[in-house]
Amino acid sequence: MRLLECEAKEIYARYGIPIPKGVRVKAGEKIPDLAGIGPELVLKAQVEVGGRGKAGGILPATPADAARVAEELFRKEIRGVPVREILIEEKLPIRHEYYLSILVDRSTRQPLILFAEAGGVDIEQAAKETPGAVRRVTISPLLSDVPPFALRDLLGGRVKEFGPVVNRLWKVFREKDAMLAEVNPLVTTDRGVFAADAKLIVDDNALGRQGITVNRDLTPREREAESHGFSYVELDGNIGVIGNGAGLTMATLDLIQYYGGAAANFLDVGGGADQERVKHAVRLVAGRPGVLVILVNLLGGITRCDDVARGILDAGVPQTVMVRLAGTNEEEGKKILDGRGYPMFATMDEAVKAAVEAGA
Amino acid sequence: MIYGDRNTGILVQGATGQQGAFHIQYMNAYARSVGGRGVVAGVTPGKGGQEVHGVPVYDSVRKAVADHDIGAAVIFVPAAAAPDSIMEEAHAGIPVIVAITERIPVHDTMKAIAYARMEGAAVIGPNCPGLISPGEVKLGIIPAHLASRGPVGVISRSGTLTYEVIHELTRAGIGQSTVVGIGGDPVIGQTFTDVLERFRHDPATKAVVVIGEVGGALEEEGVAATALPVVGYIAGVSAPPEKRMGHAGAIVEGGEGDAASKIRRMEALGVPVAQRVAEIPALVKELL
């Protein structure tokens, strides 16, 4: 889950990474006295999307006109996301902007630290245009500190200046279960080094131990699905999809697209789904407006096809449910649904074709 | 045979749990049908001295390996305990560790895998169905009746999609040498590169099916590093960006790891990529 900039900055500050003076303001709240923050201010929309600056989510202000500028920000949507909270910060007297991040690198299975002399810009673009502009060092996840040799490789002659910040961010990364801990830009000023912006993405599998109870990256329906143990993603089409296993369900969506249809959702009921879970899944998918037909594609390993069939029957939804069942207790499953108005198919391709026709 | 054969003695971690006990039964039924050793020991701390389906249970891996010749371990314990299990097995010298467990925090996985590497152990998973070498050994939960013995290796980040593929291959008369589910998490032990390298040294494997999905670049990296004939398939062509598609690792992030770019890179390496699962057997036949 991606944290808001202000949440990430509060964490950074607790780990000794300097952040600009600032105050959080929620929509509808009164703007507090800003005299102590600075003569020049920056108002930043707190939304969990990238490209915020380009989308008009960051505006300059003075303490005198901050209330008016804040009102303007609260009326905006940043790339489709309404602004519910803003961060009012001092405008830093920036000397130079750098880039620093630590991420989980899938290829090496280890943390990777990135540093660039040119921060504040689109870092992927900078890396493409100037090879060597972004320095990369992998660090063993077993190390509690970034060793000096790695700091020298990463920072060149700037170890004294940035070494402490790198080590503090390393601590944040490790202790907060971060998938990504980013400071862009990391700025130098007359008063020292500051994290002018902050991005922190926490591993979804570690939210519990990080004390995060609500995954804000999910829609309410996605959260309801999660409470049933389903993986669920809302899409724009009219064919409701239920599968078991993430890969098979994804492949089912792809096949719908291949045959010219559009899926309304991704729903993986998970391993060993029983009658109750299948019933909940079918009802959840059917309950979304605009779903014309439902496609159930299950390959039983641990999952028993007869359980699945009973679950589909129990759900009793108004839409046609197209069924493809294969594997454990396949024949019993088919018998349960036979003659009750549930079209059944032997292969994925046949089932998907029929669902696409029904959805067209 | 790339991670074990019928002579491999298997240890099950979490033997007295519901999942562990259930799959001990299935792994041993398979071992009996192929004349293999199967599961020889189970481990659950505090339950030493018990038996599960005739398999002796020990309090620790150290005690189990003192009594048995063990070549591989399969882990069925919950996410909070699984990283410790991986390290315990690696420390005891077990060379192949299959972690079925899902929802392990990534930082724990990174540490456990780094530790296992130092001990010289290969970790398969986590969040995976394990592997089967038809006619030899089953390490994990892949339904054995779908598989058949033959010359094609299968590597996949998925579970049921793998079953679908081997079901299609078997129906088309194409058997498998070894089927490996490497796991759906962002960080996994054995990657496509590692498994392909094992297949390269396996005389039973003549071609490999690489079943990938959105997220990361492990598929392209693996295919680029092998000389074996490969057929590819990538799930998630229709997946929207920045949405996690069931697997923790199945997400297109920052414009990277999308299916189209993976397919493009694989095709640029001369690898045929199936658009539908049903096309895979025909593409494989062309390579054999």
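This text goes with the structure placed above it.
What you are looking at is a predicted structure, and each value in this text was computed from that prediction instead of being measured. (Residues numbered from 1 in each chain as written. Chains lettered and ligands numbered in written order. Predicted model: local features only at pLDDT ≥ 70, side-chain atom pairs only at ≥ 80, totals over all residues. Heavy atoms only, no water.)

### Focus on the interface of chain A and chain B
Right, so step 1: With 46 residues of chain A in contact, the opposing surface of chain B contributes 59 residues.
Right, so step 2: Carbon and sulfur atoms make up 57% of the surface buried where chain A meets chain B, a total of about 4300 Å² over both sides.
Right, so step 3: Looking at the side of chain A facing chain B, the largest losses of area belong to A:Arg106, A:Arg109 and A:Asn205, adding up to 21% of the total buried there.
Right, so step 4: Scanning the region where chain A abuts chain B turns up six salt bridges.
Right, so step 5: A salt bridge links B:Arg276 to A:Asp349; the nearest nitrogen and oxygen atoms lie 2.5 Å apart.
Right, so step 6: If you look at where chain A meets chain B, you find 20 residue pairs in polar contact (both at pLDDT 80 or more).
Right, so step 7: Among the secondary structure elements, those contributing two or more residues to the side of chain A that touches chain B are strand E8 (110-116), helix H5 (159-175), strand E10 (178-189), helix H6 (220-227), strand E13 (231-234), helix H7 (246-258) and helix H11 (348-359) of chain A.
Right, so step 8: With ten residues, the top contributor of residues to the side of chain A that touches chain B is H7(A).
Right, so step 9: Class assignment for the residues of the side of chain A that touches chain B results in 22 nonpolar, eleven polar and 13 charged. (Contact = heavy atoms within 4.5 Å. Buried area = accessible area lost by both parts, 1.4 Å probe. Salt bridge = Lys/Arg side-chain N within 4 Å of Asp/Glu carboxyl O. Polar contact = N/O pair within 3.5 Å; in protein donor to acceptor, adjacent residues only side chain to side chain. Helix = DSSP H or I, 4+ residues; strand = E, 2+ residues; numbered from the N terminus. Nonpolar A, V, L, I, M, F, W, Y, C, P; charged D, E, K, R; others polar.)

### Description of the side chain of B:Asn28
All names here are of chain B.
Right, so step 1: Mapped onto the elements of the fold, Asn28 is located in helix H1 (residues 18-34).
Right, so step 2: A distance of 2.6 Å separates a polar atom in the side chain of Asn28 from the backbone nitrogen of Val39.
Right, so step 3: For Asn28, the residues in contact, after removing those within four places along its chain, are Arg37, Gly38, Val39 and Val55.

### What to know about the pattern of salt bridges
For side chains bearing opposite charge, pairing can occur when the charged atoms are close.
Right, so step 1: Here the structure, examined in full by the defined rule, presents 45 salt bridges over all chains.
Right, so step 2: Ionic pairing is found between A:Glu5 and A:Lys44, a salt bridge with its closest N-O pair at 2.7 Å. Taken together, the positions of A:Glu5 in helix H1 (residues 5-14) and A:Lys44 in strand E2 (residues 41-45) put the pair 39 residues apart, joining distant regions of the chain. Neither A:Glu5 nor A:Lys44 differs from the other in exposure class; each is buried.
Right, so step 3: The salt bridge involving B:Glu164 is made with A:Arg324; its shortest N-O contact spans 2.7 Å. Of this pair, B:Glu164 sits in helix H5 (residues 160-171) while A:Arg324 sits in strand E17 (residues 320-327), placing the two residues on different chains.
Right, so step 4: Through salt bridges with shared partners, a single ionic network connects A:Glu5, A:Lys9, A:Lys44, A:Arg52, A:Glu89 and A:Asp197. (Buried < 20%, exposed > 50% of the residue type's maximum accessible area, 1.4 Å probe, protein only.)

### Quick look at the nonpolar core
Right, so step 1: Ranked by internal contacts, the top residues of the largest apolar core, which has 100 residues, are B:Tyr3, B:Leu139, B:Val209, B:Tyr233 and B:Ile280.
Right, so step 2: Setting aside anything within four residues of it in sequence, one finds B:Tyr3 in contact with B:Val96, B:Ala122, B:Ile124, B:Leu131, B:Val180, B:Gln190, B:Asp194, B:Val195 and B:Arg198.
Right, so step 3: Counting residues in hydrophobic clusters, the runner-up holds 58 residues, among them A:Val165, A:Val193, B:Ala99 and B:Ala112. (Core = buried A, V, L, I, M, F, W, Y, C linked by side-chain atoms within 4.5 Å.)

### Here's the deal with a nonpolar patch on the surface
Right, so step 1: A cluster of nonpolar side chains, namely A:Ile302, B:Phe22 and B:Tyr26, defines an oily patch on the protein surface of about 260 Å² accessible area.
Right, so step 2: Its place among the elements puts B:Phe22 in helix H1.
Right, so step 3: Look at B:Phe22 and you get partly exposed, because its relative accessible area is 32%. (Patch = residues over 30% accessible without salt bridge, like charges linked within 9 Å, V, L, I, M, F, W, Y side chains within 5 Å. Areas by Shrake-Rupley, 256 points an atom, 1.4 Å probe, with all protein chains shown as cover.)

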